[in-house]
Amino acid sequence: MRPEPLPLVAYFCMEYGLHEELPIYAGGLGVLAGDYIKSAGDLRLPLVAVGLLWRGGYSHQHIGADGQPIDSDDARDVAHLLKPTLKEVSVTVEGREVRCQIWQVDRSGNAPLYLLEPVNEQDRWMTRRLYGGAEHERVIQEMILGIGGVRALRALGLSPDVYHFNEGHAVFAGLELIADQMAAGKSFETAWAEVRSQIVFTTHTPVEAGNESHPLDLLLGLGANRSVRREDMARLGGEPFNMTVAGLRLASRANAVSDLHGDTAREMWRHVGDTAPIVAITNGVHPGTWQDPRIRLALHGGDLWETHRELKEELLHEVERRTRVRLRPDALLVGFARRAAAYKRSDLILRDPSRIGPWLERGDVQLLFSGKCHPQDEAGRMLVANLVQAVRRYPKSAVFLEDYDLRLGRLLTRGCDIWLNNPRRPLEASGTSGMKAAMNGVLNLSVLDGWWPEGCQHGVNGWQIGDGRSEADARVGDDRDLAALYETLAKDVLPAFGDRAHWSRMMRASIEMAQWGFSSHRMVRDYFYSLYRVPAVGQAMAV
Ligand SMILES: *Cc1c(COP(=O)(O)O)cnc(C)c1O
C-alpha cells in the first residue's frame, strides 16, 4: 500500500521567534512557533505559516535608576529579511476595507512564513506593536491574522488541507472559512461541520486570565463574525466570546502542550460542551538553534565538562559586559529567565534570606535572572521591580539581566550550570527553556510541572523540587516548595557540583534525554502523523 500523502498545513500564530533581528515575538509562544516552522523546514514537511509583521516589535525593556521597568519600541530595519510577494488582500474592519500586503520572510531553513501588514500609512497602527493597544485594537489584529490570513493563502494559490490555530488568536480564520461555505449556499450548521474537519487547535495556557475573551458586541461591531449570526457566534465562543472555547469548538482535533497540561486542559474545559477532544503533544525545541555545536561534538568524544566551562565563560563575559559584575567561573551558577507572571514565582529562591543569604554571601551559589513583563501589565511590572530590588541585596553574586530576548536566551541556556524552574503546579503548560538547557547539559532543577515529569530522572539527568503534588492554597504551596528547593540544593545539587565526573555523567544523561524526547523534530512529526491526519468524511474520529 502506498503511504497516504501528507496534508498541506496552514499554521497560524500571532508571533514567531525566528531570530532576534526580526522582533515579531514576545516569548514562549512565539519561540515555539519559530522552532516549529524551522523543524518543518528541516524535515521538508508541507507547511506554510501565517503571521503579522509587527514593525514596532514587542518591547525593549530596561530597568530605570528607580528599579522600575521602562519600555520602548523595538523598531528595527528588517527590510533585508523580507521579500514582497506582490499580492494583496483586504479585510473589512468596521465596514471599511483595510488593504494588506503579504510579505514573505526571506530566510532559508524554515517553512515559508507569510506576514501581513496594512498597505496604507494611516492603517499601520493596527500592526504596530505585538500585544500592544487596547482590546479593540487586539481584535482588529486578530481579524487581520485570521480573516486576512485565509485570504492571503488563497491569493498565493494555496489550498491547505488543514488549518492549525496555534492558540486562540487566529480563530477568526474559522469564521472566514465558514462564511465562505455559507456564501456558497450552505447553512451555518453544514458549513461549521465541514470546516471543522479541517481545523486543529492548540491550547497553551492553564491560567484562566491567559484565555482571551471579548464582548460579542465588539466583535459584531468590527465585523469579526463575517456572516455568522450573533446566536451562532455565541454557540461557538459563548458570551463574552472566549477565543479558546471558540478554538475548541471550531476544531475537530485539539491538543495541549505536555502530558500534564493535557490532564489540566481536559479538566479545565470539561464544563464546556461540544469541544474537540484534547490530546497531549509535548513541545520541543529546535536543536540547530538551541544546542551549541561544541556540546554536540563533545557528546561524541570530547570533554563535556571543559566544553561547558567554555560556554559558561562566554556567558560570564557577557554578564560582565552588560553589568560590570564579574561572577566566579568556579561557583555554581543558577539561571532563571521567565516572563514576569505571578505563578512563575521568579523571586521564590530569594524569599528566605536566612537560607539563601549565606550561600550568596560566601559565593557558593550565584544567581542570574532575566525576563520581561508585558508593558501594560501592572502586576507584572511590580514583579520585575520586586525581583530587581531583591537581587540588588547581593550585588556580587546575583544579577538581573535586562531585555530578555532570543540571544540572551541562547547564552543563558547553554552557559548556566543549573536551570531553575519553580512555577505553581500545574500552571506551567510546558516550559521550553528547560528543554534548551537540558540539550546543552545545563541541569534542570524544577518543580514537576509542564514537560519536566516526562523528562526528569531525579539525580540522573537533573532534579525535581518536591513531590509533584499541587496545592490549592498558594501560600502553603509556596512555603512547601521553597523548603524543598533549599533542601534539594543543599543535599543534592551542591554536592554533585563538587564531583566533576558525576556532573559530567549527569550532563550526558540530560543531553541525551533532551535530544531524544524534546526536539522540535519529534514534536512536528507527532503533529503530522497524529493530529493533522484528515479524518475521512463520515468516519468517527479516533483520537
Ligand atoms: C524559550 C524562551 C521562552 C520560553 O521559555 P519558558 O521556559 O516557557 O519560560 C521565552 N522567551 C525566550 C526569549 C525564550 O528563548
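To start, this report covers the structure provided alongside it. (Residues numbered from 1 in each chain as written. Predicted model: local features only at pLDDT ≥ 70, side-chain atom pairs only at ≥ 80, totals over all residues. Heavy atoms only, no water.)

Here the focus is the packing of aromatic side chains. The final tally for this structure, using the stated rule, is 15 aromatic pairs. The interplanar angle of 55° and the centroid separation of 6.0 Å between the aromatic rings of Phe-336 and Phe-369 together place this pair among those described as tilted. Pair noted here: Phe-336 is in strand S14 (residues 332–337) and Phe-369 is in strand S15 (residues 365–370), with a separation of 33 residues, a long-range link. When sorted by exposure, Phe-336 lands in the same class as Phe-369, which is buried. Judged by centre distance (4.7 Å) and plane angle (75°), the ring pair of Trp-451 and Phe-518 falls under edge-to-face. Placement of the pair is Trp-451 in the loop between strand S18 (443–447) and helix H16 (452–455) and Phe-518 in the loop between helix H18 (500–517) and helix H19 (520–531), with a sequence separation of 67 residues. (Phe/Tyr/Trp six-rings, centres within 6.5 Å; stacked < 30°, edge-to-face > 60°. Helix = DSSP H or I, 4+ residues; strand = E, 2+ residues; numbered from the N terminus. Buried < 20%, exposed > 50% of the residue type's maximum accessible area, 1.4 Å probe, protein only.)

Along its 18 residues, H18 runs 26 Å from first to last C-alpha, staying within 8% of the 26 Å computed at 1.5 Å per residue. Within the sequence span of H18, burial applies to Trp-503, Ser-504, Met-506, Met-507, Ser-510, Ile-511, Met-513, Ala-514 and Gly-517. (Expected span 1.5 Å × (residues − 1).)

This part covers the layout of surface pockets. The space that makes up the second largest pocket amounts to roughly 580 Å³. What lines the second largest pocket is a set of 27 residues, among which Arg-322, Thr-323, Phe-400, Leu-401 and Glu-402 lie closest to the centre. For the lining of the second largest pocket, the elements supplying multiple residues, two or more each, are strand S3 (60–63), helix H11 (304–323), helix H13 (378–391) and strand S16 (398–401). The element that contributes the greatest number of residues to the lining of the second largest pocket is S16, accounting for 4 residues. For the lining of the second largest pocket, a count of residues per class yields 13 nonpolar, 4 polar and 10 charged. (1 Å grid on protein atoms, 1.4 Å probe; cavity = no way out; pocket = protein on both sides within 12 Å on 5 of 7 lines; lining within 4 Å. Points joined across faces, edges and corners; volume = space filled by probe spheres on them. Nonpolar A, V, L, I, M, F, W, Y, C, P; charged D, E, K, R; others polar.)

Further remarks concern the site of the ligand. By nearness alone, 13 residues border the ligand, and Arg-338, Gly-431, Thr-432, Ser-433 and Lys-436 come closest of all. Between the ligand and Arg-338, the relevant distance is 2.9 Å, taken from an oxygen atom to a side-chain nitrogen or oxygen of the residue. If the ligand stood free it would expose 380 Å²; the protein chains cover 93% of that surface. Within the residue set of the shell around the ligand, elements represented by two or more residues are helix H1 (28–42) and helix H15 (433–439). (Near = heavy atom within 4 Å. Polar contact = N/O pair within 3.5 Å; in protein donor to acceptor, adjacent residues only side chain to side chain. Areas by Shrake-Rupley, 256 points an atom, 1.4 Å probe, with all protein chains shown as cover.)

This part is about the nonpolar core. Core analysis: the largest hydrophobic core is formed by 99 residues, its most contacted members being Tyr-11, Phe-12, Leu-47, Phe-172, Phe-241 and Tyr-532. With 9 residues, helix H2 (residues 135–155) is the largest single contributor of residues to this core. Not counting residues within four places of it along the chain, the set of residues in contact with Tyr-532 comprises Pro-7, Val-9, Tyr-11, Tyr-36, Leu-47, Val-162, His-164, Val-200, Arg-253 and Tyr-527. With 49 residues, the next largest nonpolar core counts Val-388, Ala-398, Val-447 and Ala-496 among its residues. (Core = buried A, V, L, I, M, F, W, Y, C linked by side-chain atoms within 4.5 Å. Contact = heavy atoms within 4.5 Å.)

Turning to the sheet that holds S18, a few remarks are in order. Within the open sheet, the 6 strands sit side by side as S16-S15-S14-S17-S18-S19. Their pairing is parallel. Whereas interior strands pair on both sides, the edge strands pair on one side only; in this sheet they are S16 and strand S19 (462–465). Across the sheet, the mean angle from the axis of one strand to that of its neighbour is 20°, orientation sign disregarded. Of the pairings in the sheet, the one linking strand S17 (residues 418–421) to S18 comprises 4 bridges and is parallel in character. Bridge assignment links Trp-419 to a residue of S18, and that residue is Asn-444. Running at roughly 75° to S16, H11 makes contact with S14, S15 and S16 of the sheet. Contacts from H18 reach S14, S17, S18 and S19 within the one sheet, and its direction differs from that of S18 by about 70°. (Pairing = 2+ DSSP bridges. Axes fitted to C-alpha atoms, helices over the stretch in contact; angles between N-to-C directions.)

Looking at the element boundaries, Ala-298 is found in helix H10 (residues 293–299). Along the sequence, Ala-298 and Leu-22 sit 276 residues apart, while their C-alpha atoms lie 31 Å from each other. Each residue touching Ala-298, except ones within four places of it in the same chain, is listed here: Asp-303, Leu-304, Thr-307 and Arg-508.

Moving on, we come to the sheet that holds strand S7 (residues 113–118). Ordered by their spatial adjacency, 9 strands build an open sheet running S5-S6-S7-S2-S1-S8-S9-S12-S13, and the pairing between neighbours is mixed. If you trace the sheet from one side to the other, it starts and ends with strand S5 (82–93) and strand S13 (278–280), each paired once. Between one strand and the next, the sheet's axes are offset by a mean angle of 25°, whatever the strand orientation. The pairing of strand S8 (residues 162–166) with strand S9 (residues 199–202) spans 4 bridges and is parallel. In the strand pairing of S9, His-164 is matched with Val-200. Packed on one face of the sheet, H2 meets strand S1 (9–12), strand S2 (47–52), S5, strand S6 (96–105), S7 and S8 and runs near 120° to S5. Where helix H8 (residues 259–268) meets the sheet, it contacts strand S12 (253–256) and S13, and its direction lies at approximately 165° from that of S13.

Here the focus is the pairing of S17. The side-chain alternation of S17 yields two buried faces, one formed by Ile-418 and Leu-420 and the other by Trp-419 and Asn-421. Bridge count for S14 against S17 is 2 bridges, and the pairing is parallel. From the neighbouring strand, Gly-335 faces S17, where its bridge partner is Trp-419. Taken together, S17, H15 and S18 constitute a β-α-β crossover, and its handedness is right-handed. (Right-handed = clockwise from strand over helix to strand, strands pointing away.)

Let's shift gears to the side chain of Glu-176. Mapped onto the elements, Glu-176 comes out in helix H3 (residues 172–183). For Glu-176, a relative accessible area of 1% corresponds to the buried category. A polar contact is formed between the side chain of Glu-176 and the side chain of Arg-151, at a distance of 2.9 Å. With sequence-adjacent residues up to four places away left out, Glu-176 is seen in contact with Ile-147, Val-150, Arg-151, Arg-154 and Arg-226.

For the coordinates displayed, the defined rule picks out 51 salt bridges. Among the salt bridges present, the one from Arg-151 reaches Glu-176, with a minimum N-O distance of 2.9 Å. Of this pair, Arg-151 sits in helix H2 while Glu-176 sits in helix H3, and the two are 25 residues apart along the sequence. No difference in accessibility class separates Arg-151 from Glu-176, as the two residues are buried. (Salt bridge = Lys/Arg side-chain N within 4 Å of Asp/Glu carboxyl O.)

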